[in-house]
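# Observations on the three-dimensional arrangement
Next come the chains, spelled out residue by residue.
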Amino acid sequence: MNQFPSILEGIDDLNDDHINGLMTLAKKIKDKLINRSYSPFNNFSHEIIATSFLENSTRTKLSFAVAIQKLGAMYLDFNAEKSSMNKGESIEETLLTLYHQGVNLCILRTSITGQLKQFKENPPIKIINGGDGVNEHPTQALLDLFTFMELGLELEGKTVTIVGDCIHSRVGHSLCRLLPKFGMNIILCGPKNFLPEMAPKNTTLSNNLDEAIKSTDYLYLLRIQKERHSEDVKNKSEDDDYIKNFGVTSKKLKKWNRKIPIFHPGPCNLDVEISADLLRTNLYKGYEQVKNSIYMRMAIIEAILENGDQNIGKTTSN
Ligand code: CP
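Within the chain, the regular secondary structure consists of 10 helices and 10 strands. Taken over C-alpha atoms, the radius of gyration comes to 20 Å for the chain, in line with the 20 Å a tight globule of 318 residues would show. Judged by the C-alpha coordinates and their principal axes, the chain covers about 60 × 50 × 30 Å. By residue count, 54% of the 318 residues in the chain fall in the buried class. By sequence separation, contacts in the chain at least 24 residues apart represent 73% of the contacts at least 6 residues apart. When the accessible surface of the chain is totalled, it reaches about 15000 Å², and 46% of it is carbon and sulfur. For the chain, the distance from the average site of its 38 positive side-chain charges to the average site of its 39 negative ones is 6 Å.

Another point: the environment of Met198. Within the fold, Met198 resides in the loop between β7 (185–189) and β8 (203–206). Distance in space between the C-alpha atoms of Met198 and Ser84 is 41 Å, their sequence separation being 114 residues.

Now for the sheet that holds strand β6 (residues 159–163). The strands that make up a sheet pair up through hydrogen bonds in the backbone, lying either parallel or antiparallel. Across the sheet, which stays open at both edges, the five strands sit in the order β8-β7-β6-β9-β10 with parallel pairing between neighbours. Of all strands in the sheet, those bounded by a partner on one side alone are β8 and β10 (262–263). Pairing of β6 with strand β9 (residues 218–221), which is carried by four bridges, proceeds in the parallel orientation. Of the residues in β9, the one forming a bridge with Val163 is Leu221. Running at roughly 155 degrees to β7, helix α5 (residues 170–178) makes contact with β6, β7, β8 and β9 of the sheet.

Our focus in this paragraph is the site of the ligand. In the vicinity of the ligand, the contacting residues are Ser57, Thr58, Arg59, Thr60, Arg109, His137, Gln140, Pro265 and Gly266. In this structure, Gly266 approaches the ligand through a main-chain N or O atom, which is 3.1 Å from a nitrogen atom. When the ligand is considered free in solution it has 260 Å² of accessible area, and contact with the protein chains removes 91% of it. Here the ligand occupies the largest pocket. Its residues placed into classes, the shell around the ligand shows one nonpolar, six polar and two charged.

This paragraph deals with the state of the cysteines. In the structure shown here, the tally under the stated rule is zero disulfides. Cys176 supplies the cysteine sulfur nearest to Cys166, a cysteine that is in no disulfide, at a spacing of 7.3 Å.

Thresholds, definitions, all that
- Residues numbered from 1 in each chain as written.
- Predicted model: local features only at pLDDT ≥ 70, side-chain atom pairs only at ≥ 80, totals over all residues.
- Heavy atoms only, no water.
- Helix = DSSP H or I, 4+ residues; strand = E, 2+ residues; numbered from the N terminus.
- Rg over C-alpha atoms; globule rule 2.2 N^0.38 Å.
- Buried < 20%, exposed > 50% of the residue type's maximum accessible area, 1.4 Å probe, protein only.
- Contact = heavy atoms within 4.5 Å.
- Areas by Shrake-Rupley, 256 points an atom, 1.4 Å probe, with all protein chains shown as cover.
- Lys, Arg positive; Asp, Glu negative; His and termini not counted.
- Charge placed at Lys NZ, Arg CZ, Asp CG, Glu CD.
- Pairing = 2+ DSSP bridges.
- Axes fitted to C-alpha atoms, helices over the stretch in contact; angles between N-to-C directions.
- Near = heavy atom within 4 Å.
- Polar contact = N/O pair within 3.5 Å; in protein donor to acceptor, adjacent residues only side chain to side chain.
- 1 Å grid on protein atoms, 1.4 Å probe; cavity = no way out; pocket = protein on both sides within 12 Å on 5 of 7 lines; lining within 4 Å.
- Sits in = over half its atoms within 2 Å of the grid points.
- Nonpolar A, V, L, I, M, F, W, Y, C, P; charged D, E, K, R; others polar.
- Disulfide = S-S within 2.5 Å.

Read these as layout, nothing more, since geometry by itself doesn't imply function.
In structure tokens:
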């Protein structure tokens, strides 16, 4: 893929060719893995890839770990809490140290919004954003798009209602940048304190799910991110009110008389955003998202490792 970025911070780092190329590559990898005929398209056995998650994760971290090992690369998990960052070393020095130890790529999750921007001009190492504060989670949005495609869902002209904690969700922010490129409409729906004051480009806002559902083709539920809430937000988002007004339950689907595919990036707050029984129905696509995460993350790793960028890890200026 021509000029694939060495720092994948967000969706806007990718052009249409990159995005379409990732969809095609993920599909090829998936078909080969399912037919058990997969051997890495390239030889990655000399590549070393590290993950460093400075916030909790199950899905992203483990799916990258599986993807790295299926590609045949060496995998290191770097525990930042036990590293010299805890002694005051800057993240740039830590990343340069990894680079000079022979690590080719680092997947980083951080609580600091926009922390990767500083590395775009002079990358200390190739980096994939595994989620940064309330900014973006681009690999989740890409695997979600791939899942829509794999399920054979129409995209052009269809409406996805993203329900929940829209202002604190990096997944939501990446989806709002990605899905409109494929002609999809987005409704952001939630209590007022979870919605932006102004609708972002290509979206509309709603705080009435019963209304929004009338023009909804697909539902994408977001986790309430209590760890990011100020006291002000906390006081207004009691779980009981939330399930009543914005949670999706079997009972509500019956009332709406709709069979709508339901997506969730996980982890779910059960019986808050979604009733527990819905997770065991065909409408819930969360496990498809998890499965497809491996193929999409293998494709992203391949694209970034193969981008031919010679300008990594420079420590001297002219
Ligand atoms: N979807 C997602 O980012 O999940 P984790 O926090 O478990 O990685």
